[in-house]
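The lines below spell out each chain.
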Amino acid sequence: MNWELIATGFYLGRFRYAPGTVGTLLGVPLAYLFGFKWWLVLLVGVFLYFLGVKSAEYMMELTREEDPEGVVIDEIVGYFFAFLFLEPTLKALLLAFVLFRLLDILKPFPINLFERMPRGHGVMADDVVAGLLTGFILYLIL
């Protein structure tokens, strides 16, 4: 299996500027395709999470970095989890994109706590929590 392909979101993580934002774009069609059924988001999301952990750990060993910049599977999966209980309307997809990126970049409490998890889980878990928080906030607003 090509772990670098998965970790970089089909190489979107190689974009020179804002690779996390560019990588998050791959989460948009995923959320639209699967987001109408919460159980499908959960099932696919958990599968992608563990795929992300494995691919992030591969990239960590390859680059010798704790959180390689080119790894964007965490942003893809985090954004996807925002639609666990949120219908993927155009408005929700756009608002979730902006709010998720803000939460992912700023990493307010409790998101920042999840970065401390070991290895690939530390790369993935903070983004999943940011996505879940995004979905919760937008659920209340919309």
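Details of the structure are given in the entry above.
Residues numbered from 1 in each chain as written. Predicted model: local features only at pLDDT ≥ 70, side-chain atom pairs only at ≥ 80, totals over all residues. Heavy atoms only, no water.

K.L.:
Is there a simple way to explain the overall build of the chain in this structure?
P.N.:
Scanning the chain for helices and strands turns up 7 helices and 0 strands. Projecting the C-alpha coordinates of the chain onto the three principal axes gives extents of approximately 40 × 30 × 30 Å. Going through the 142 residues of the chain one by one, you find that 49% of them count as buried. Carbon and sulfur atoms provide 69% of the accessible area of the chain, an area that totals close to 7800 Å². The positive charge centre, built from 10 side chains, and the negative charge centre, built from 14, are 3 Å apart in the chain. (Helix = DSSP H or I, 4+ residues; strand = E, 2+ residues; numbered from the N terminus. Buried < 20%, exposed > 50% of the residue type's maximum accessible area, 1.4 Å probe, protein only. Areas by Shrake-Rupley, 256 points an atom, 1.4 Å probe, with all protein chains shown as cover. Lys, Arg positive; Asp, Glu negative; His and termini not counted. Charge placed at Lys NZ, Arg CZ, Asp CG, Glu CD.)

K.L.:
Got a minute to help me understand the nonpolar core in this structure?
P.N.:
Looking at soluble globular proteins, one finds that nonpolar side chains tend to be buried together. Grouped together as the largest cluster of nonpolar side chains are 38 residues, with contacts concentrated most on Tyr49, Val71, Val77, Tyr79 and Phe83. Of all the secondary-structure elements, those providing two or more residues to this core are α1 (3-7), α4 (38-63), α5 (73-81), α6 (90-106) and α7 (119-141). No other element matches α4, which puts 9 residues into this core. Look past the residues within four positions of Val77 in its chain and what remains in contact with it is Gly45, Leu48, Tyr49, Met124 and Val128. (Core = buried A, V, L, I, M, F, W, Y, C linked by side-chain atoms within 4.5 Å. Contact = heavy atoms within 4.5 Å.)

K.L.:
Looking at this structure, how should I read the packing of helix α3 (residues 27-34) against α5?
P.N.:
To characterise two packed helices, one gives the angle between the axes of the helices and the distance between these axes. For the pair α3 and α5, the least separation of the axes is 9 Å and the interaxial angle reads 35°. Helix-helix and strand crossings are classified by hand; for α3 and α5 the assignment is right-handed. Taken together, the residues of α5 that come into contact with α3 (itself represented by Gly27, Val28, Leu30, Ala31 and Phe34) are Ile76, Tyr79 and Phe80. (Axes fitted to C-alpha atoms, helices over the stretch in contact; angles between N-to-C directions. Left-handed = near helix turned anticlockwise from the far one by under 90°.)

K.L.:
Can you help me understand unusual backbone geometry in this one?
P.N.:
Most peptide bonds take the trans form, and the phi angle of most residues other than glycine is negative. The amide bond that connects Phe109 to the next residue, Pro110, takes the cis arrangement and shows omega of 5°. Structurally, Pro110 can be placed in the loop between α6 and α7. You will see that Arg64, though not glycine, has its phi angle at about 60°, which is positive. Classification of Arg64 as exposed rests on a relative accessible area of 73%. Residue Lys107 is not a glycine yet carries a positive backbone phi of 50°. Looking at the secondary structure, you find Lys107 in the loop between α6 and α7. Of the residues examined, Lys107 reaches a relative accessible area of 17% and is grouped as buried.

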